[in-house]
Amino acid sequence: MISLDEAVTARLESHGARFEVLVDPDAALAIKRGEFEGDLEDVIAAEDVFENASRGDRPAESDLEKVFDTTDPLEIIPDVITEGEIQITAEQRREMQEKKRKQLVDTIARNAVNPQMDNAPHPPDRIENALEEAGFTVDPMETVESQVDDALDDLRPVIPIRFEEVTIAVQIPAEYAGSAQAQVRQFGDLEREEWQADGSWIGVVTFPAGMQNEFYDVVNEHSSGNAETELIKDKDDIQTR
């Protein structure tokens, strides 16, 4: 379960009665869209249905039976969220908006590059400042993914930006290969790999271009700076060595 401070109220009015439940805001939006795949008990603040959640008043069981054909809260809660409205305070809205804004900046920073600077990644601070300059307003009631395209449209007049993937070949010496290659695999799609006779490992991985600096930092950290990397310009040139 989540804390009351993290929850928003979902409210449904039906058959002259009111039903309220306390739920995580992002989970509530996912449930409304039919996209929630988690455990309901992990995203609610109370395994209960209220008539007035702020006072802790509960509806009559007869009203629950009349509207939902059950008195089981775990069966009723999704229906209240799906069919009702999500109620948020001004403070909750500000907090949700700030959280979504940070997620949006992170998503763009990890995927976007500057085409005028040899596809170098944009620092998150630059993206955040550009969003502010562009006047882009994050909608706290929509997913980050659904807002990325609109954000990019607003960003392009402010900074040169586009989403790009890179493919990088890396060769890791034998003494570091075991742990380092496991880290490399986590960055994206492993296109090719081969263990060499001397115990070294060669891999070719494709991932969002905005993660290049992070990739090089991880490779250097896990190989003590002894790994070799090469940016592959054309995937057709990939060969297993």
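Residues numbered from 1 in each chain as written. Predicted model: local features only at pLDDT ≥ 70, side-chain atom pairs only at ≥ 80, totals over all residues. Heavy atoms only, no water.

A. Main features of the sheet that holds strand β1 (residues 8-14). Spatial ordering of the open sheet is given by β2-β1-β3, a layout of three strands whose pairing is antiparallel. Across the chains shown, the open sheet's two edge strands, defined by having one partner strand only, are β2 (17-23) and β3 (85-87). Neighbour-to-neighbour, the strand axes of this sheet turn through a mean angle of 30 degrees, independent of strand direction. The sheet contact formed by β1 and β2 spans seven bridges and is antiparallel. Its bridge partner lying in β2, S14 is registered against A17. (Pairing = 2+ DSSP bridges. Helix = DSSP H or I, 4+ residues; strand = E, 2+ residues; numbered from the N terminus. Axes fitted to C-alpha atoms, helices over the stretch in contact; angles between N-to-C directions.)

B. Just helix α1 (residues 25-32), in detail. The element α1 is largely enclosed, with a buried count of six among its eight residues. Close packing links the buried residues of α1 with β1, β2, α3 (73-83), β3 and α4 (90-111). Put simply, D24 is the residue that caps the front of α1, since its side-chain oxygen is 3.1 Å from the backbone nitrogen of D26. Looking one or two residues beyond α1, the residue adopting positive phi is G34, at roughly 75 degrees. (Buried < 20%, exposed > 50% of the residue type's maximum accessible area, 1.4 Å probe, protein only. Contact = heavy atoms within 4.5 Å. Polar contact = N/O pair within 3.5 Å; in protein donor to acceptor, adjacent residues only side chain to side chain.)

C. Spotlight on the UniProt feature "domain: Ribosome maturation protein SDO1/SBDS central" (unreviewed entry) in the protein chain. Under the local residue numbering, the UniProt record ascribes the feature "domain: Ribosome maturation protein SDO1/SBDS central" (unreviewed entry) to residues 102-164. Between the end C-alpha atoms of residues 102-164 there is a gap of 20 Å, over a span that is 46% helix and 11% strand. (UniProt positions renumbered as here; feature names shortened; annotations may be inferred.)

D. Focus on the packing of aromatic side chains. For the structure shown, the criterion picks out six aromatic pairs. Three or more aromatic residues joined by ring pairs make a cluster, and in this case those are F187, F207, F215 and Y216. (Phe/Tyr/Trp six-rings, centres within 6.5 Å; stacked < 30°, edge-to-face > 60°.)

E. Representation of the layout of surface pockets within the structure. Roughly 270 Å³ of internal volume is contained in the largest pocket. Mapped onto the lining of the largest pocket, the elements with two or more residues apiece are β7 (165-172) and β10 (228-232). Broken down by element, the lining of the largest pocket gets its largest block of residues, three residues, from β7. The residue inventory of the lining of the largest pocket, partitioned by class, reads four nonpolar, four polar and six charged. Two domains each put at least three residues into the lining of the largest pocket: domain 2 (90-163) and domain 3 (165-238). (1 Å grid on protein atoms, 1.4 Å probe; cavity = no way out; pocket = protein on both sides within 12 Å on 5 of 7 lines; lining within 4 Å. Points joined across faces, edges and corners; volume = space filled by probe spheres on them. Nonpolar A, V, L, I, M, F, W, Y, C, P; charged D, E, K, R; others polar. Domains from an automatic or database assignment.)

F. A look at the side chain of T206. For T206, the location among the structural elements is in strand β9 (residues 201-208). For T206, a relative accessible area of 3% gives the class buried. Here T167 takes part through its side chain, which lies 2.7 Å from a polar atom of the side chain of T206. Engagement of the side chain of T206 in a polar contact is seen with the side chain of E191, the distance being 2.7 Å.

G. Highlighting the pattern of salt bridges. The full count for this structure, using the stated rule, is 13 salt bridges. Across the pair E20 and R18 runs a salt bridge, and its minimum N-O distance is 3.7 Å. As a salt-bridge pair, K100 and D26 come within 3.4 Å of each other at their nearest N and O atoms. Of the two residues, K100 is situated in helix α4 and D26 in helix α1; the sequence distance between them amounts to 74 residues. (Salt bridge = Lys/Arg side-chain N within 4 Å of Asp/Glu carboxyl O.)

H. Representation of unusual backbone geometry in the model. For H15, which is not glycine, the phi torsion reads 55 degrees and is therefore positive. For H15, the location among the structural elements is in the loop between β1 and β2. One non-glycine residue with positive phi stands out, namely S224, at about 55 degrees. Within the secondary structure, S224 is located in the loop between α8 (212-223) and β10.

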